[in-house]
Amino acid sequence: TGFALGVALRLALYAAGAYEYLEEHLELNTPVTSHVRLKECLFLLESGISPYLGNTCHHPPLVLQLFLPLHRAASGLAHFGVLIAIDVATELLLQAL
């Protein structure tokens, strides 16, 4: 039931538009966790440019391949759903320890 509260809190924050506010704060984002940088890496990848040529992309190639279909769908909610699913799976795995 702990993960249900976490999912509900994430959905409430998403519905309130908090993600737009929080993704701009440097205290909460690093080059690896930045959603803005992930979107930029995916754009470069779709354009046929290696996202690793500059200093923009710090995400592993498998992460880019995972999120590329979601980026093409252009649905922020689909991306958000995948992140929630990853959080729930991580919580369930940690409970099993």
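Quantities reported herein were computed from a predicted structural model and do not represent experimental measurements.

Of the regular secondary structure elements, the protein chain holds five helices and zero strands. Scanning the protein chain from its N terminus toward the C terminus, one meets helices and strands in the order α-α-α-α-α. Here the protein chain holds 97 residues, and the buried ones make up 19% of them. A separation threshold of at least 6 residues defines the contact pool for the protein chain, and within that pool the share at least 24 residues apart is 43%. Looking at the protein chain as shown, the accessible area adds up to about 6800 Å², and 69% of this sits on carbon and sulfur atoms.

Every α-helical turn comprises 3.6 residues, leaving residues that sit three or four positions apart pointing alike. Compared with an ideal rise of 1.5 Å per residue, which puts 12 residues at 16 Å, helix α3 (residues 35-46) spans 16 Å between its outermost C-alpha atoms and is within 8% of the ideal. Listed in full, the buried residues belonging to α3 are Leu38, Cys41, Leu42 and Leu44. Looking straight down α3, one finds its buried side chains confined to an arc of 160 degrees; they lie on one side. Directly beyond the C-terminal end of α3, a positive phi value near 85 degrees is found at Gly48.

What follows concerns helix α1 (residues 2-15). Between its terminal C-alpha atoms α1 stretches 20 Å, which fits the 20 Å expected from 14 residues at 1.5 Å a residue. Just downstream of α1, Gly17 is the residue with a positive phi angle, here 85 degrees.

Looking at where Leu11 falls in the secondary structure, it is placed in helix α1. Using a relative accessible area of 41% as the deciding quantity, one classes Leu11 as partly exposed. With 73 residues separating them in the primary sequence, Leu11 and Ile84 have C-alpha atoms 9.0 Å apart. Not counting residues up to four positions away in its chain, the partners in contact with Leu11 are Phe80 and Ile84.

Per-chain confidence: the protein chain averages 81 in pLDDT, with 95% of residues scoring 70 or above. Mean pLDDT values over the elements of the protein chain span from 75, in helix α2 (residues 18-22), up to 87, in α3.

Conventions and cut-offs
- Residues numbered from 1 in each chain as written.
- Predicted model: local features only at pLDDT ≥ 70, side-chain atom pairs only at ≥ 80, totals over all residues.
- Heavy atoms only, no water.
- Helix = DSSP H or I, 4+ residues; strand = E, 2+ residues; numbered from the N terminus.
- Buried < 20%, exposed > 50% of the residue type's maximum accessible area, 1.4 Å probe, protein only.
- Contact = heavy atoms within 4.5 Å.
- Areas by Shrake-Rupley, 256 points an atom, 1.4 Å probe, with all protein chains shown as cover.
- Expected span 1.5 Å × (residues − 1).
- Arc of directions from axis to C-beta.
- pLDDT = per-residue confidence, 0-100.

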